Amino acid sequence: MKRTIEDIHKGYSKKDFSPSELIQEYLSKIKNLDTKINSYTEVFDDKVVKHAKELDKILHKNENNFLFGVPISLKDIFLVKDEKCTCSSKMLKNYVSNYDSCVYEKLSKRNILLLGKNNMDEFAMGSSTETSFFGPTMNPWDISRVPGGSSGGSAASVSAGFSCASLGTDTGGSIRQPASFCGIVGLKPTYGRVSRFGMIAFSSSLDQAGPLANSVNDAAIILDSVTGFDSRDSTSLNLKPTNSYNSLINDTYSFSDFTFGVPSKLLEIGLDDEIKYKFDELIKNLKKLGAKVIDIDLPYAKYAVATYYIIAPSEASSNLSRFDGIRYGFSEESENGDLIESYINNRSKGFGEEVKRRIMLGTYSLSSGYYDAYYLKAIKVKQLISNDFKNAFSNVNSILTPTCPELPFKLGEKKNDPLKMYLSDILTIPANLAQLPSISIPLGLSNQNLPIGIQLTGNRLDEVNLLKMASLLEKEINFTKELPKF
Amino acid sequence: MSSDRELVNKISKLSRLKIDESDIDIFVKNFKDILEYIDLLSSVDTNSEKTQDTIQKDYAVRDDTTIDKLSNDEVLLNAPNKEGKFFAVKKVIESE
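This is a predicted model, so every value here is computed, not measured.

K.L.:
Help me out: how do you make sense of the overall build of chain B in this one?
P.N.:
Scanning chain B from terminus to terminus reveals three helices and two strands. The N-to-C order of helical and strand elements in chain B reads α-α-α-β-β. Out of the 96 residues belonging to chain B, those deemed buried represent 28%. For chain B, the exposed area adds up to about 7400 Å²; of that, 49% sits on carbon and sulfur atoms.

K.L.:
When you look at the nonpolar core in this model, what are you seeing that I'm missing?
P.N.:
Nonpolar side chains tend to gather and get buried jointly when the protein is soluble and globular. Residues and elements named next belong to chain A. Membership of the largest hydrophobic core comes to 161 residues, with the highest contact counts inside it found for F123, F260, L400 and L473. Not counting residues within four places of it along the chain, the set of residues in contact with F123 comprises C87, S89, M91, L92, I200, F202, L320, F323, F351 and V355. One finds V158, A179, I184 and L212 within the second-largest nonpolar core, a separate group that totals seven residues.

K.L.:
Any chance you could explain the sheet that holds strand β9 (residues 398-402) of chain A here in plain terms?
P.N.:
What links the strands of a sheet is backbone hydrogen bonding, and the strands pair in either a parallel or an antiparallel sense. All names here are of chain A. On the basis of which strands lie adjacent, the open sheet formed by eleven strands has the order β1-β3-β2-β4-β6-β5-β10-β11-β9-β7-β8 and mixed pairing. With partners counted over all chains shown, the strands left at the sheet margins are β1 (40-43) and β8 (292-295), one partner each. Strand-to-strand twist in this sheet, taken as the mean axis angle between neighbours without regard to direction, amounts to 30 degrees. Here strand β5 (residues 185-188) pairs with strand β6 (residues 208-213) via two bridges, running antiparallel.

K.L.:
Can you help me understand the packing of aromatic side chains in this one?
P.N.:
Geometrically, a pair of aromatic rings is defined through the distance of the ring centres and the angle of the planes. Tallied over the entire structure, the rule returns 24 aromatic pairs over all chains. Summarising the aromatic geometry, the rings of F162 of chain A and F486 of chain A are spaced 6.2 Å apart at their centres and angled 85 degrees between planes, so their arrangement reads as edge-to-face. With a gap of 324 residues between them, F162 of chain A in the loop between α5 (152-160) and β4 (165-170) and F486 of chain A in the segment after α16 (463-477) connect regions that are remote in the sequence. Taking the relative accessible area as the measure of exposure, F162 of chain A reaches 0% and is therefore buried. Plain terms: the ring middles of F27 of chain B and F31 of chain B are 6.1 Å apart, the flat faces sit at 20 degrees to each other, and that makes the pair stacked. Taken together, the positions of F27 of chain B and F31 of chain B, both in helix α2 (residues 24-38) and four residues apart, correspond to about one turn of that helix.

K.L.:
Whenever I open this one, the side chain of S225 of chain A confuses me. Can you help?
P.N.:
Residue and element names in this part refer to chain A. Its location among the elements puts S225 in helix α7 (residues 216-226). What makes S225 buried here is its relative accessible area of 5%. Setting aside its immediate chain neighbours within four residues, S225 contacts L67, K106, L107 and R110.

K.L.:
Any chance you could explain the pattern of salt bridges here in plain terms?
P.N.:
When their charged atoms lie close together, side chains carrying opposite charge are able to pair. All names here are of chain A. Counted according to the given criterion, the structure contains 24 salt bridges over all chains. In this structure, E105 and R232 form a salt bridge, with 2.9 Å as the shortest nitrogen-oxygen distance. One end of the pair, E105, is in helix α4 (residues 102-109); the other, R232, is in the loop between α7 and α8 (244-250), and 127 residues separate them in sequence. The partly exposed category is assigned to E105, whose relative accessible area is 24%. When its relative accessible area of 35% is taken as the criterion, R232 is described as partly exposed. Across the pair E354 and R357 runs a salt bridge whose closest N-O atoms are separated by 3.0 Å. Of the two residues, E354 and R357 are both situated in helix α12 (residues 353-366); the distance of three residues between them amounts to about one turn of the helix. Overall, the relative accessible area of 3% leaves R357 in the buried class. Connected via shared salt-bridge partners are E353, E354, R357 and R358.

K.L.:
Looking at this model, I keep getting lost on helix α1 (residues 5-13) of chain A. Mind explaining?
P.N.:
Residues spaced three or four apart along an α-helix point in a common direction, a consequence of the helix completing one turn every 3.6 residues. Residues and elements named next belong to chain A. Taken together, the buried positions of α1 are occupied by I5, E6, I8, H9, G11 and Y12. Residues of α1 that are buried sit in contact with α2 (19-37), β2 (71-75), β3 (113-118), β4, α7 and α8. Of the residues flanking the end of α1, it is K15, one or two places downstream, whose phi is positive at about 60 degrees.

K.L.:
Which parts of the structure should I look at to understand the interface of chain A and chain B?
P.N.:
Where interface size is quoted, it is often the accessible area lost as the parts come together. Every contact between the two is made by 70 residues of chain A and, on the other side, 47 residues of chain B. Both sides of the chain A and chain B interface together cover about 5100 Å² of buried area, and 67% of this is carbon and sulfur. Between chain A and chain B we count one salt bridge in total. Where chain A meets chain B, there are ten residue pairs in polar contact (both at pLDDT 80 or more). Contributing elements (two or more residues each) for the side of chain A that touches chain B: α10 (304-319), α11 (339-350), α12, α13 (372-392) and α14 (418-423) of chain A.

Cut-offs used in this document
- Residues numbered from 1 in each chain as written.
- Chains lettered and ligands numbered in written order.
- Predicted model: local features only at pLDDT ≥ 70, side-chain atom pairs only at ≥ 80, totals over all residues.
- Heavy atoms only, no water.
- Helix = DSSP H or I, 4+ residues; strand = E, 2+ residues; numbered from the N terminus.
- Buried < 20%, exposed > 50% of the residue type's maximum accessible area, 1.4 Å probe, protein only.
- Areas by Shrake-Rupley, 256 points an atom, 1.4 Å probe, with all protein chains shown as cover.
- Core = buried A, V, L, I, M, F, W, Y, C linked by side-chain atoms within 4.5 Å.
- Contact = heavy atoms within 4.5 Å.
- Pairing = 2+ DSSP bridges.
- Axes fitted to C-alpha atoms, helices over the stretch in contact; angles between N-to-C directions.
- Phe/Tyr/Trp six-rings, centres within 6.5 Å; stacked < 30°, edge-to-face > 60°.
- Salt bridge = Lys/Arg side-chain N within 4 Å of Asp/Glu carboxyl O.
- Buried area = accessible area lost by both parts, 1.4 Å probe.
- Polar contact = N/O pair within 3.5 Å; in protein donor to acceptor, adjacent residues only side chain to side chain.

What follows is the structure in structure tokens.
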């Protein structure tokens, strides 16, 4: 059975188990079963056992801290001082963090139990976790299929019960798509809500950290603990931490309080039949439950993937120029050649194929003679996409779509066709471009027992209402509490 | 195809990257497919759009004061080659 943060909190209050007992259970599960899933790049066995023993002694003092003693993992993109941070790349396979990320700093103050670091697509570039230097992660619902990406290790570890929750990052869907593929909840907050300090940069204007969790309430608990202004990130919004969990459990609300928008034209892109059927059924149900569902138009959203694949690689080509093997990163000793040649050698051997492709796409978009036609154009289209959403939100409280147009695909199926891989992010990318909060929750299982997810996108900074709508849907859908068998 | 290959070679040089000769054909094909796809944007009329700065008004500014930084040792923690308190690099200026 799934175990939520709320379950653990209750378990501690009733003295059903101690932090030490709980952490042993998670560690032995990881040890025995993660060989099949490969969701971790590193497990902090000794350190977390020691920490749990310390928490055993102060267990009685933590009634109001829901995260106390909760076993959590982090995508291997967040720095934790004195621990490796690899971004699942050969480039950083020996990189040791010399400071803490803001996200971890905040979580550690809550006395979480940090289990380890999760596998991911190299430098968060991918939708399948197949580009990891440490090998792919498998989907716990069917180990011949991908868990999604780039936060695939995070999603798989939560789904398999190898961690109670994980923090991931979402640049074009990298929290929501793997959450959907693995049958869990994944939330991308409004851009600027969560500090990017100590989170290795991919596309700085789009990257946003958020929770992958077993329930909407759990996602809210984590969101509340990692949000809030941080002076070390220049795009951190000058706002207090959210207080969404409190609103979720104490406010009175129902479906009749909300209007859902469905961009039916955008959904003509071709949805998998089962996904379409389940989604249409849900819409019918929503109306019966008293919600208002209206058709909306996002005329520029169809350009989101093209826009994204100009902006994100452009920023990546700049951000990843720091990896030269001089200050840190993969470096090969060679007597021959000059400094430039050693940069080329270190970068060519340290980065995988997809990372190289994206750096080069970005370099191309920013290069002399192409800048106006590509980068500048993309920035303008991004603005048009944002305007689409602004218009829509004058009539609706959230926008409802499936999270992905397709079911989890087989390992290797798209590996040699990057464009096909990119196009599967059509429904998640728009929220990143428009900087909006967006959540994926499980909708059900396909005939082959594969998870299907739905996505709700909310208005800027309106995480509270977004979570309320997600919570109502979660109760109505009542997705299985059973863990996948593999 | 040869001009596509030249383009990929030029861009890889600018990116300080090298694509293995054995992978170059498939790389060029994929690169070209993606460029053709993103060309979709050329059909969008953006003449009336200004490039807005993405700075939100809720971003904060901080005082221009010294803050705690990493120590010299911490900065050098991951350096593959170092000499004393410095990063070591290959010679970039030839002596006369």
